[in-house]
Each structure stands twice: as structure tokens, then as C-alpha cells.
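The primary structure of each chain is shown beneath.
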Amino acid sequence: MRKLLMIPGPIEYESNVLNAMSLPTISHSSPEFISIYREALQNVSTVFGSDVTDSLPFIISGSGTLGMEVSTVNFIKRDSKVLVVNTGYFGDRFVELFSRFTDKIEQIRPPLGEASEPGVIKEKLETNEYEMMTVTHVDTSTGVRNDVRKIAEASRGSETLLVVDGVCSVGGEEFDMKWGIDVAFTASQKALGTPPGLAVGVAGKRALERMANVKPLTFFSDLRKWEAVSRGVLASNGGYFGTPNVNLITALGVSLSNILNEGMEKRIARHRLMSSALRAGIEGMGLEIMAKKSFANTVSAVYLPEGADSKKFLSDAEKMGVVFASGLIRGIAGKYFRIGHMGSINSTEVLLSLSAIERALNKGGKNIRTGSGLIAAEEVLLKSD
Ligand code: PMP
């Protein structure tokens, strides 16, 4: 039976993207591929809101975690002082990454479900000298969205490099490097709409200036190596460090064209509408969403009713044809589940998901009024039709 994949990445992919994956693999140094790669880099730049003339887009084989590494180790030296704005599991991952090369790590940790306060960040930056600050735009473990635009405003004027993990946001949430972001990255499998396997990002002018004085301890994630590749490809000459994933980059190119053909504004508005319909449905059936106010438009974390068995719920929903993800936060992972709603998300997928949630919970003995979630979601959708 065909299942609907509603986890926060990988997601459902458009058929033209999947078809591109299956084209014969061409030489990575052929003019044909260099042209595909060049256009993909230019479109990455556009989607991130950056300008190729003064920043560096990169596409590297690997996952989002490689993006985290590339976006940090290249710009700061050993023992640098850093600040992690931590709103969940992937904030913890930044702490773990930094701990490999510095002990001077400070964190801002809002209560679970809440976003960070730009004012608190501003105060921290005024009284401390951090080389770098990281923010997870949307933490996929909690569905909380930080206000990156306001955080960038709050950090304006400071010497601290602002690095944004856009893995669960770029392509689905409003995002613009011009807000004052120094480095940002995502991974192919989420709102960019391409199967897993690529770390995709942009390093801005100020970050590139800092990079000149840093020799990273790692080799594959040395951005200077990839800079030569990106610059060579953008100049149509090509370049080699590690063999590029020809088929995935070809598929990414198709997906980026889909995104730009839809138009960023329309795409973000669609994500907003689909997520608000989904949240209305969730609340309509009496369930609670983890994010208190700052909801992500790409993923929702939802508390299960008291006493529900999360494994059984996920397995029942899957038997009904919809795959959701389990909780991720240590200690409460079994008390909630996550729904991904990004990329090509549409109203049919939202309604199917809500129906599966209602039925799976009822099957598990929880008394959810049949149709309560669907009615609430349909009301939101109808208003916009
Ligand atoms: N950051 C965020 C916000 C993520 O959601 C993820 C993956 N879910 C990562 C980083 C790590 O990405 P990957 O699993 O592709 O290594």
C-alpha cells in the first residue's frame, strides 16, 4: 500500500524531481553538468535571499549535520567563545559540535515550546564578546520557530557572526540572508523538496572575510576547498574537490526551479495556510501543540492525549496510510509526535493526516469525536478558497 510520508523530512517529493534522479548519470566534469550545477548554485542563492556577487553558495554531498559543521568550523578558531540559542534537540547538537573545539559555550534556553526573545539575545551580545552565535530557525523537535529577522536586528552592530540552521525552514518559511545573517544552511530533504543527501547553504561576505584567518581542523568540511568548486562552477569552468552527487544535484535543480516557478511569496503563504489548517484541526480534536505562540509553518509537535501509547498510535496511523514521526526530546519523546508539513504540502494531505490521527487515537481507546479535527481544518481552508 502506498503511504503518505508526513514526517519532517524526508517528505513527499514532486514527480519531476524524482524523475530527474533516475536520468543517466553524466560526467561530473561535462559542460552539461557544470551548467546544471551552476544554475542550482544561483537558485540556492536566490532562495536564501543572498547575492552571488558577494557571498558563496555551496552544495555538498552530505546531510544537514554536515551543513552545521561547514557553517561553524570554517569561521572560528579553537577556544572561541560562542553562543547557542537553543530551542530543542538541534540546538543541543550545536553544543555537542562546538564542544569538539571549545569549552567557552554559552546557551540561551527558553522554556520548552517557547521561542527565544531577541531582547535577551541583544543583552547577551552587548555584555559578552562571542565570535559566533547559532540559531535554529525552526527546531524540528519542538516545532518552535525563532524570529530570525528580529534576532538579526538585535545582533546588528555586534562582531558576532550569526549562523542560522535553516534545515527545517528554508523553502517553507520566510527567510532572507539580507536580514543580517552571516552563514545559513539547510539540507535537501526538507522544504527544498529533494531526496536526502545534500548540505546546501550560503556564506556571506563578513563570514568569508573571517574564513581567511581560520584553518579548520577538518578536511572534507573545509569550505575553502568547496569555495574553489562553487566559484569554478559559477564561472562555468567547473571544479573538483569530492565527486559531486550528479543525480541529486540534477534533482535539486529541478526542485529549485519548481520553488522559483511557484514564487517564494506564494510558497510561504501556502505553508502558512496549510499549517494553520492543520493546527486548527489538531486543536479542534482537543489536542495540544507544543509550540506556544511561535509556531513553525513546516512542522508541528503535538502532545498525545494522557496515557496514549505513542508506538501504537504511530503504527496504527501508518496502517491507515499516513506516516508521522515520534517525539525527539529526551524524557518526553513518548508523550508527543511530529507532523511534517513542508515542500509540496497541500490541503488533501492535511485532511488525510487529520483523519488518520482521529482514527488512530480512537483505535487506541481515546475518545476523539469523529470529524472534529476535519471540520475545524476545513473551516480554515474554506475561508481561503
Ligand atoms: N537541524 C535541523 C533543524 C534538523 O531538523 C535536522 C534534521 N532533522 C538537522 C539539523 C540535521 O540534519 P540531518 O539529519 O540531515 O543531518
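Everything numeric here is computed off the predicted structure, so don't read it as measured data. (Residues numbered from 1 in each chain as written. Predicted model: local features only at pLDDT ≥ 70, side-chain atom pairs only at ≥ 80, totals over all residues. Heavy atoms only, no water.)

Things to note about the overall build of the protein
Stated formally: Secondary structure elements are taken from DSSP: a helix is a run of H or I of four residues or more, a strand is a run of E of two residues or more, and numbering for both begins at the N terminus. Note that the radius of gyration is over C-alpha atoms, with the globule rule given as 2.2 Å times the number of residues to the power 0.38. Burial classes: relative accessible area under 20% of the type maximum marks a residue as buried, over 50% as exposed, and values in between as partly exposed (1.4 Å probe, protein chains only).
Scanning the protein from N- to C-terminus turns up 13 helices and 15 strands. A globule of 385 residues ought to have a C-alpha radius of gyration of about 21 Å, and the protein, at 21 Å, matches this closely. In terms of overall dimensions, the protein has a C-alpha envelope of 60 × 55 × 35 Å along the principal axes. Per-residue burial for the protein yields a buried fraction of 57% across its 385 residues.

Points about the packing of helix H12 (residues 347-363) against helix H13 (residues 372-384)
Two packed helices can be described by the angle between their axes and the distance between those axes. Put simply, the rule reads: The axes are straight lines fitted to the C-alpha atoms, using for helices just the contacting stretch, and the angles between their N-to-C directions are given from 0 to 180°. Roughly parallel means an angle under 35 degrees; roughly antiparallel, over 145; roughly perpendicular, 65 to 115; everything else is oblique. Crossings are sorted by hand: turned counterclockwise from the far helix by less than a right angle, the near helix makes the crossing left-handed, and turned clockwise it makes it right-handed. Whether two residues touch is decided by their heavy atoms; if any such pair falls within 4.5 Å, the residues are in contact. The residue classification treats Ala, Val, Leu, Ile, Met, Phe, Trp, Tyr, Cys and Pro as nonpolar and Asp, Glu, Lys and Arg as charged. All others, Gly included, are polar.
Axis separation between H12 and H13 bottoms out at 8 Å; the angle between their running directions is 160°. Here H12 lies roughly antiparallel to H13, going by the angle between them. Here H12 and H13 pass one another in a crossing that is right-handed. Residues Ser 347, Leu 351, Leu 354, Ser 355 and Glu 358 of H12 pack against Ser 372, Gly 373, Leu 374, Ala 377, Glu 378 and Leu 381 of H13. Residues of the contact of H12 with H13, tallied by class, amount to five nonpolar, four polar and two charged.

So, the domain arrangement of the protein
Where interface size is quoted, it is often the accessible area lost as the parts come together. The line we're drawing: For every domain, the bounds stem from an assignment made automatically or drawn from a database. The term buried area denotes the loss of accessible surface (1.4 Å probe radius) that occurs when two parts are joined, taken as the sum for both partners.
Looking at the assigned domains, one finds that the protein contains domain 1 (4-8 + 263-384) and domain 2 (15-262). Relative placement of domain 1 and domain 2: their C-alpha centres are 28 Å apart. Each side of the interface is counted separately: domain 1 has 27 residues, and domain 2 has 27 residues. Each partner contributes to the roughly 2,200 Å² buried at the junction of domain 1 and domain 2, and carbon and sulfur atoms together form 57% of this total. For domain 1, the biggest contributors to the area lost against domain 2 are Met 264, Arg 267 and Leu 328; these three give 22% of the whole.

Section: empty space enclosed by the protein
Selection rule: A cavity here means a set of 1 Å grid points, computed over protein atoms only, where a 1.4 Å probe fits but cannot escape. A pocket is an open set with protein on both sides within 12 Å along at least 5 of 7 lines, and lining residues have an atom within 4 Å of a point. Grid points are joined across faces, edges and corners, and a volume is the space filled by probe spheres set on the points.
If you walk through the whole model with that rule in mind, you get one cavity of 30 Å³ or more. What the largest cavity holds in volume is close to 70 Å³. In this structure, the largest cavity is lined by Leu 5, Met 6, Ile 7, Ile 11, Glu 12, Gly 340, His 341, Met 342, Ser 344, Ile 345 and Glu 349. Partitioned by chemical class, the residues of the lining of the largest cavity number six nonpolar, three polar and two charged.

Overview of the packing of helix H5 (residues 118-127) against helix H6 (residues 148-155)
Where H5 contacts H6, the two axes come as close as 9 Å, and the packing angle between them is 25°. Of the possible angle classes, the one that applies to H5 and H6 is roughly parallel. In terms of crossing hand, the pair formed by H5 and H6 is right-handed. Here H5 contributes Pro 118, Ile 121, Lys 122 and Leu 125 to the contact with H6, which in turn contributes Lys 150, Ile 151, Ala 154 and Ser 155.

Description of the pattern of salt bridges
Here is the rule: In the sections that follow, a salt bridge refers to a side-chain nitrogen of Lys or Arg positioned within 4 Å of a carboxyl oxygen of Asp or Glu.
One pass over the structure, following the stated rule, counts 20 salt bridges. Across the pair Arg 109 and Asp 92 runs a salt bridge, and its minimum N-O distance is 3.2 Å. Here Asp 92 lies in helix H4 (residues 89-98) and Arg 109 lies in the loop between strand E4 (105-108) and H5, a separation of 17 residues in the sequence. The class for Asp 92 is partly exposed, based on a relative accessible area of 31%. Between Lys 150 and Asp 147 there is a salt bridge, and its shortest N-O distance comes to 3.6 Å. Residue Lys 150 is classed as partly exposed on the basis of its relative accessible area, which comes to 45%. Shared partners join several salt bridges into a network, and the residues in it are Lys 312, Asp 316, Lys 319 and Lys 363.

Examining unusual backbone geometry
The omega torsion of the bond from Gly 9 to Pro 10 falls at -5°, within 30 degrees of zero and hence cis. Inspection of the secondary structure puts Pro 10 in the loop between strand E1 (4-5) and helix H1 (15-21). The backbone of Asp 79 sits at a positive phi, close to 65°, despite the residue not being glycine. Checked against the element boundaries, Asp 79 lands in the loop between helix H3 (64-73) and strand E3 (82-85). A relative accessible area of 44% means that Asp 79 is categorised as partly exposed. For Ser 236, which is not glycine, the phi torsion reads 65° and is therefore positive. By secondary structure assignment, the location of Ser 236 is in the loop between helix H8 (223-234) and helix H9 (246-262).

Thoughts on the sheet that holds strand E8 (residues 161-165)
Which entries qualify depends on this criterion: A pair of strands is treated as paired once DSSP finds two or more bridges between them.
In spatial order, the strands read E2-E10-E9-E8-E5-E3-E4; together these seven strands make up an open sheet with mixed pairing. Strand pairing shows two members of the sheet lacking a second neighbour, strand E2 (56-61) and E4, which therefore form its edges. Here the strands of the sheet are splayed against their neighbours by 20° on average, with no regard to which way each runs. Judged from the five bridges that link them, strand E9 (residues 183-187) and strand E10 (residues 198-203) form a sheet pairing that is antiparallel. Residue pairing for E10: Phe 185 is matched across the bridge by Gly 201.

Some words on H12
The periodicity of an α-helix, 3.6 residues per turn, causes residues three or four positions apart to be oriented the same way. Inclusion rule: What a helix is expected to span follows from its residue count: subtract one and scale by 1.5 Å.
In a regular helix each residue adds 1.5 Å, so 17 residues correspond to 24 Å; H12 covers 24 Å between its end C-alpha atoms and thus fits that length. Just downstream of H12, Gly 365 is the residue with a positive phi angle, here 90°.

A closer look at the site of the ligand
For clarity, the cut-off: Being near a molecule or strand, for a residue, comes down to having at least one heavy atom within 4 Å of it. Within 3.5 Å is the distance limit for a polar contact, defined as a pair of N or O atoms, with the added protein rule that one can donate a hydrogen and the other accept it, and that residues adjacent in sequence qualify only through two side-chain atoms. We get accessible surface area from the Shrake-Rupley algorithm with a probe of 1.4 Å; when it comes to residues, only the shown protein chains can shield them.
Close contacts around the ligand come from Ser 63, Gly 64, Thr 65, Phe 90, Arg 93, Thr 136, Val 138, Thr 140, Asp 165, Val 167, Gln 189 and Lys 190, and that covers them all. Contacts to the ligand include Asp 165, whose side-chain N or O atom sits 2.6 Å from a nitrogen atom. Within the side chain of Lys 190, one N or O atom sits 2.8 Å away from a nitrogen atom of the ligand. Summarising the interface, the protein chains cover 87% of the accessible area of the ligand, which totals 390 Å² for the free molecule. Grouping the constituent residues of the shell around the ligand by class yields three nonpolar, six polar and three charged.

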